[in-house]
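Each chain, letter by letter, is given below.
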Amino acid sequence: MTDNDEVLRRAYLRAREDFIPVCGDGCARLLRELCGKVKPSRILEIGTAVGYSSSVMALACEAEVDTIEYDGDRLDRAKQLWKELGISGRMHAYRGDVKEILPQVIRGKSYGLVFIDGPKSAYKDIFDTVRQNMDENGLIVSDDINYLGLVKGDGYPPHKHRTIVTNMRKYLEYISAAPFYTEIFWESGIAVTRMG
């Protein structure tokens, strides 16, 4: 285990102890693999949290990373993590509501990989906003697509989760239709869409 692996492990465990959602082992493995294959020069992440997934991606390739987070305390923790890992120079953090600031963040930029792990009901809007800024054959990776295990199948979700589950099902139908090529990994709760 390298020093960076140990720093990442501590950040992951602390986030879990603080009930801050971070991507799981399957998601982290897939992000590493995709970054290694695609070798994007620029990555966009929606939902920084404490900087765990953005760090995983930055350590797997040499990309510049733009990342958006609403919570200032979480963003401060992410910046500290990036400093510990020695990757701060490639990390560009933006604080605010993704629906409001996304167009300004991506203006004039092109991305080889986008990781969506933010507000679940906004996935389709985020996807449609960023798809015009994708490199040819770039990937859009959507996390938590099986939201609490309620999205797969066609069962009727509990009332308090109905809107998110309904919107996520519609989103998955949308990204699984032409002209997109989408692969869904239910076991990891991730969808990977390749842009043509």
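Residues numbered from 1 in each chain as written. Predicted model: local features only at pLDDT ≥ 70, side-chain atom pairs only at ≥ 80, totals over all residues. Heavy atoms only, no water.

Colleague: So what about the overall build of the protein? Which residues, and what values?
Modeller: Secondary structure assignment for the protein yields seven helices and seven strands. Along the protein, helices and strands appear, N-terminal first, in the series α-α-β-α-β-α-β-α-β-α-β-α-β-β. Against the 2.2 N^0.38 benchmark of 16 Å for 196 residues, the protein shows a C-alpha radius of gyration of 16 Å, consistent with a compact globule. By its C-alpha atoms, the protein is 45 × 40 × 30 Å across when sized along the principal axes. (Helix = DSSP H or I, 4+ residues; strand = E, 2+ residues; numbered from the N terminus. Rg over C-alpha atoms; globule rule 2.2 N^0.38 Å.)

Colleague: Any chance you could break down helix H2 (residues 25–38) for me, citing the residues and the numbers?
Modeller: Compared with the 20 Å implied by 1.5 Å per residue over 14 residues, the 20 Å span of H2 between its first and last C-alpha is a close match. The secondary structure elements touched by the buried residues of H2 are strand E1 (42–46), helix H3 (52–60), strand E4 (111–116), strand E5 (134–143), strand E6 (181–185) and strand E7 (190–194). The first or second residue beyond H2 is Lys39, which carries a positive phi of 50 degrees. (Expected span 1.5 Å × (residues − 1). Contact = heavy atoms within 4.5 Å.)

Colleague: Could you give an account of the sheet that holds E5, with specific residues and numbers?
Modeller: The strand order across the open sheet built from seven strands is E3-E2-E1-E4-E5-E7-E6, with neighbouring strands paired in mixed fashion. At either margin of the open sheet sits one strand with a lone partner, and together these are strand E3 (91–95) and E6. On average, adjacent strands in this sheet sit at an angle of 15 degrees to one another, irrespective of strand direction. Taken together, the five bridges between E4 and E5 define a ladder with parallel strand orientation. From the neighbouring strand, Ile116 faces E5, where its bridge partner is Ser142. Along the sheet, helix H6 (residues 123–130) contacts E1, E4, E5 and E7; its crossing angle with E5, the most-contacted strand, is approximately 165 degrees. (Pairing = 2+ DSSP bridges. Axes fitted to C-alpha atoms, helices over the stretch in contact; angles between N-to-C directions.)

Colleague: Lay out the pairing of E6 with the relevant residues and their values.
Modeller: Pairing of E6 with E7 involves five bridges; the strand directions are antiparallel. Note on E7: the bridge partner recorded for Thr182 is Thr193. With antiparallel pairing between neighbouring strands as the criterion, E6 and E7 make up a hairpin whose turn holds four residues, including Gly189 at a positive phi of roughly 70 degrees.

Colleague: An account of the packing of aromatic side chains is requested, with residue identities and associated values reported.
Modeller: For the structure on display, the rule yields six aromatic pairs. Judged by centre distance (6.0 Å) and plane angle (80 degrees), the ring pair of Phe127 and Tyr174 falls under edge-to-face. Of this pair, Phe127 sits in helix H6 while Tyr174 sits in helix H7 (residues 162–175), placing them 47 residues apart in sequence. Residue Phe127 is classed as buried on the basis of its relative accessible area, which comes to 0%. What makes Tyr174 partly exposed here is its relative accessible area of 24%. Between Tyr174 and Phe180 the ring centres are 5.6 Å apart and the planes differ by 65 degrees, which places this aromatic pair in the edge-to-face class. (Phe/Tyr/Trp six-rings, centres within 6.5 Å; stacked < 30°, edge-to-face > 60°. Buried < 20%, exposed > 50% of the residue type's maximum accessible area, 1.4 Å probe, protein only.)

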